[in-house]
Amino acid sequence: MLQSTLFRSSQRLVRPFSSAAAAAIAANTVPAAPVPSSFTLQPPIKPWPRRLTPPLLTSLITRQHDPDLSLQIFHYAQLHHPALSHAPQPLHALSLKLSRARRFPLLESLLLRLPFPPGDPTLAAAIRALGLAGKPRSALRLFLRFRPPGVRSLNALLNALVRNERHRLAHAVFKNSKHKFGVVPNVVSYNILLKALCKRNEVDAAVRVLDEMRYAGVVPNVVSYTTVLGGYAWRGDVDSAVRVFGEILDRGWVPDASAYTVLMSGFCRVGRLGDAIRVMDEMEENKVEPSEVTYCVMIEAYCKGRKAGEAANLLDEMVAKGFVPSSGLCCKVVDLLCEEGGVGRACEVWRGVVGKGCRVGGAVVSTIVHWLCKEGKVVEALGVFEELERGEVASLLTYNTLIAGMCERGELCEAGRLWDDMVEKGRVPNAFTYNVLIKGFCEVGDVKEGIRVLEEMVESGCLPNKSTYSILADGVSLSGGKKGEIDKVVLLAMKTGVDGELWDLFLKHVVGNLDGNAAELDRILIENAV
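Residues numbered from 1 in each chain as written. Predicted model: local features only at pLDDT ≥ 70, side-chain atom pairs only at ≥ 80, totals over all residues. Heavy atoms only, no water.

## Here's the deal with the overall build of the protein chain
Along the protein chain, the regular secondary structure elements total 31 helices and 0 strands. Considering only residue pairs separated by 6 or more positions, the protein chain has 66% of its internal contacts joining residues 24 or more positions apart. If you sum the accessible surface of the protein chain, you get close to 26000 Å²; carbon and sulfur atoms cover 53% of it. (Helix = DSSP H or I, 4+ residues; strand = E, 2+ residues; numbered from the N terminus. Contact = heavy atoms within 4.5 Å. Areas by Shrake-Rupley, 256 points an atom, 1.4 Å probe, with all protein chains shown as cover.)

This is the structure we're talking about:
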C-alpha cells in the first residue's frame with residue numbers, strides 16, 4: 001500500500017538505474033590516480049612524528065592550509081604506518097579538507113582507491129559537499145559506487161538532489177533505497193521526501209506519505225508535520241495549514257519557531273496580517289523565542305500593510321536580540337517611515353542598527369539622505385552622510401543622492417566638494433552624477449560651466465545620454481543661445497553620437513531660439529562632416 005501510494009507519479013519516469021544509466025555513470029567515473037613516488041621517498045612535513053596516532057594524524061591533516069599537502073600527509077601515513085589504514089578520523093578530516101577546497105575529482109579518486117569502503121559519515125560528507133557545490137550527478141555517482149551505503153549517505157544524497165531541484169530523481173532514489181541499495185529509510189529520509197513533494201506543490205501526496213509512514217514502522221515527528229504545514233502555507237491554503245498546526249498540538253508536541261513562522265508566513269501571504277500577529281502573540285505566550293526568519297517575515301508584512309511604527313519597533317527588537325537585519329529589510333522600514341513623514345524616527349532606527357555593530361550598507365543612508373533633501377533639510381542630510389563616513393566609505397548611490405540634493409538647492413560649491421571627496425575615495429561618477437551637476441549649473445545660468453562638466457564627462461569615458469543633452473539644450477535655450485556654447489554642445493553631440501530624436505531636440509530648443517540664425521547649425525555640421 002505504501003509503495004503504490006507514495007510513488008504513483010514516478011511510474012511515468014524513465015527507470016533511473018537502468019543499464020544505460022549505469023554505463024553512463026561508469027563512463028564518467030574519475031579513474032583512480034597512481035600515488036606519486038614522491039609520497040614514498042620522504043615525509044611531506046618535518047619533523048615527522050615518531051609515534052603517529054589517528055588523532056595526531058587527523059590534527060596534522062586539519063592544520064594544513066594547502067589541501068595537496070594534507071593529501072600527501074595522508075598517503076605517506078598510509079604507506080608507512082599501515083596500522084592507520086583503517087582509522088576513520090584521518091580520512092574524514094581529509095575528505096572535509098578536499099571538499100572545502102572544491103577538489104572533487106581528487107576526493108573521488110581518493111575514496112575509490114581506498115582498500116576499504118569509506119565510512120558512512122565520510123561518504124555522507126563528500127556527497128553533501130557535492131550537493132552544496134551544485135553537482136547532484138556527481139553526488140549520485142559517488143553514492144552508487146559504494147554498496148551498501150549507509151542511511152546518512154542516503155539522506156545526504158536526497159538532500160543534495162532536493163537542494164538542486166532534482167525532485168523527481170530524489171523521489172526515484174527514495175523508492176529504490178531499500179530494494180536496490182539495501183538502505184532502510186529513516187524519519188529524516190521521509191522528511192526529505194516530504195520536502196521534495198511540497199516543493200513540487202504535491203501537498204496531497206505529502207499528506208498521504210505522512211499518513212502511511214507508520215505502516216513502514218517510521219513515526220513522523222514535528223519536522224514532518226511542519227514540512228506539510230509549509231506546503232499548505234506556500235500554496236495559500238491557510239485553513240489546511242491551521243489544521244496541521246492543530247495536529248501538532250494534539251500530539252503533545254511543542255511547535256518550534258519554524259512551525260510558528262511558517263504559519264505566520266502563510267497568513268501574510270494571503271493578506272491576513274491580523275491572524276499572523278495573533279500567532280506571534282501566541283508564540284510569545286508559549287515562551288517560544290522568535291527566530292531571525294520570524295522577525296523578517298513579520299517586518300516585511302508590516303511594511304506591506306503600511307504599518308511603519310510596528311515595523312520599526314519590531315526591527316528594534318530584532319537587533320536588540322542580536323540578529324542582523326539585511327540592508328534590504330532596513331531600507332523597506334526606513335523608506336516607509338520617511339514616506340509617512342517620520343524621517344527623524346528613520347534616523348533613530350538606522351543609528352540603533354549601526355550602534356549594535358550591524359553594517360547595513362549605504363542604501364539605508366541613501367534613502368534617508370534622499371528624503372531629507374526632498375524636505376529641504378540639506379544640512380541634516382549632510383550630517384547623516386558624515387556619520388556614515390566615520391564607519392565606512394559611502395556608496396556611489398549615497399553620493400549621487402546628496403550631490404543631487406545640493407544642486408537642487410543651488411549649493412554648487414558644496415556639491416563640488418562632495419564630488420572631489422567621492423573621486424578621492426575611489427567612487428567613479430556615472431552619467432547620473434554628471435547630469436545632476438550639469439543641471440545644477442544650468443539652473444543658475446552658468447551654462448559654460450555645465451558644458452565644461454560635459455567635456456570632462458566625455459574625456460573620462462562616460463557616455464552622455466539623452467538626459468544630458470536635454471538638460472544642456474534647455475540651459476542653452478534659456479541663456480539665449482550663445483554661439484560658442486552651441487558650437488561646443490553640437491560638436492560633443494556629434495562626437496559621442498546622437499539619434500534623430502536628439503537632433504529634433506536641438507532644432508526645437510536651441511536653433512529655434514537663435515533669432516532666425518538656423519544657418520549656424522548648418523555651418524557646424526558642414527565644417528565637421530567627414
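## Re unusual backbone geometry
A cis amide bond links K46 with the next residue in sequence, P47, at an omega value of 0°. Positive phi outside glycine occurs at E165, with the angle close to 60°. Summarising the element assignment, E165 is placed in the loop between α10 (151-163) and α11 (167-176). A relative accessible area of 63% means that E165 is categorised as exposed. Phi is positive for K287, which is not a glycine, with a value near 60°. With respect to the helices and strands, the residue K287 is situated in the loop between α17 (273-285) and α18 (292-304). (Buried < 20%, exposed > 50% of the residue type's maximum accessible area, 1.4 Å probe, protein only.)

## With respect to the nonpolar core
The biggest cluster of nonpolar side chains holds 159 residues, and the ones touching the most others in it are V228, M298, I299, L315, I368 and L402. Those residues in contact with L315 that lie beyond four places of it in its chain are I299, P325, L329, C330, V333, V349 and V353. (Core = buried A, V, L, I, M, F, W, Y, C linked by side-chain atoms within 4.5 Å.)

## Quick look at the environment of D421
By the element assignment, D421 lies in helix α25 (residues 412-424). On the basis of relative accessible area, D421 is assigned to the buried category, the value being 17%. C-alpha separation for the pair D421 and Y399, spaced 22 residues apart in sequence, amounts to 9.3 Å. In terms of polar contacts, D421 uses its side chain to reach the side chain of Y399, at 2.6 Å. (Polar contact = N/O pair within 3.5 Å; in protein donor to acceptor, adjacent residues only side chain to side chain.)

## Observations concerning helix α8 (residues 120-132)
With 13 residues, α8 should reach 18 Å at 1.5 Å per residue; the first-to-last C-alpha distance of 18 Å fits that figure. Of the surrounding secondary structure, the elements contacted by the buried residues of α8 are α6 (88-100), α7 (104-113), α9 (136-145) and α10. (Expected span 1.5 Å × (residues − 1).)

## So, the environment of L402
Locating L402 in the fold gives a position in helix α24 (residues 396-408). Considered as a pair, L402 and H370 are 32 residues apart in the sequence and their alpha carbons are 7.1 Å apart. Those residues in contact with L402, other than ones at most four positions away along the chain, are V369, C373, A381, L382, F385 and L418.

## So, the pattern of salt bridges
Inspection of the entire model under this criterion finds 18 salt bridges. Ionic pairing is found between R243 and E247, a salt bridge with its closest N-O pair at 3.0 Å. Here the residue R243 and the residue E247 both occupy positions in helix α15 (residues 238-250), the gap between them amounting to 4 residues, near one helical turn. Given the relative accessible area of 41%, R243 is considered partly exposed. E247 sits in the partly exposed class, given a relative accessible area of 28%. When salt bridges that share partners are traced, they join R272, D275, R278 and E282 into one network. (Salt bridge = Lys/Arg side-chain N within 4 Å of Asp/Glu carboxyl O.)

## Focus on the side chain of S70
Inspection of the secondary structure assignment puts S70 in helix α5 (residues 67-80). What makes S70 buried here is its relative accessible area of 0%. In this view, S70 contacts I61, Q64, L94 and K97; residues no more than four positions away in its chain are not counted.

## Quick word on the side chain of T261
Assignment of secondary structure puts T261 in helix α16 (residues 257-269). Among the residues examined, T261 registers a relative accessible area of 5% and is labelled buried. At 2.5 Å, the side chain of T261 forms a polar contact with the side chain of T294. If sequence neighbours within four positions are ignored, T261 has contacts with S291, V293, T294 and V297.

## Here's the deal with α17
Here α17 is 13 residues long and its end C-alpha atoms lie 18 Å apart, about the 18 Å a rise of 1.5 Å per residue gives. Of all the positions in α17, only L273, A276, V279, M280 and M283 are classed as buried. All buried residues of α17 project into a common sector of 120° when viewed along the axis, lining one side. For α17, the exposed residues lying more than 90 degrees away from the buried face are G274 and E285. Packed against the buried residues of α17 are α16, α18 and α19 (308-320). Directly beyond the C-terminal end of α17, a positive phi value near 60° is found at K287. (Arc of directions from axis to C-beta.)

## Re the packing of helix α20 (residues 327-339) against helix α21 (residues 343-355)
At a minimum axis distance of 7 Å, the contact between α20 and α21 shows a crossing angle of 160°. Considering the angle they form, α20 stands roughly antiparallel to α21. The interaxial crossing formed by α20 with α21 has right-handed handedness. Across the interface between the two elements, C330, V334, L337 and C338 of α20 pack against V343, R345, A346, V349 and V353 of α21. The residue makeup of the contact of α20 with α21, split by class, is 8 nonpolar, no polar and 1 charged. (Axes fitted to C-alpha atoms, helices over the stretch in contact; angles between N-to-C directions. Parallel < 35°, antiparallel > 145°, perpendicular 65-115°, else oblique. Left-handed = near helix turned anticlockwise from the far one by under 90°. Nonpolar A, V, L, I, M, F, W, Y, C, P; charged D, E, K, R; others polar.)

## With respect to the packing of aromatic side chains
In this structure the tally under the stated criterion is 8 aromatic pairs. Between Y295 and F323 the ring centres are 5.8 Å apart and the planes differ by 50°, which places this aromatic pair in the tilted class. Of this pair, Y295 sits in helix α18 while F323 sits in the loop between α19 and α20, and the two are 28 residues apart along the sequence. Judged by its relative accessible area of 0%, Y295 falls in the buried class. (Phe/Tyr/Trp six-rings, centres within 6.5 Å; stacked < 30°, edge-to-face > 60°.)

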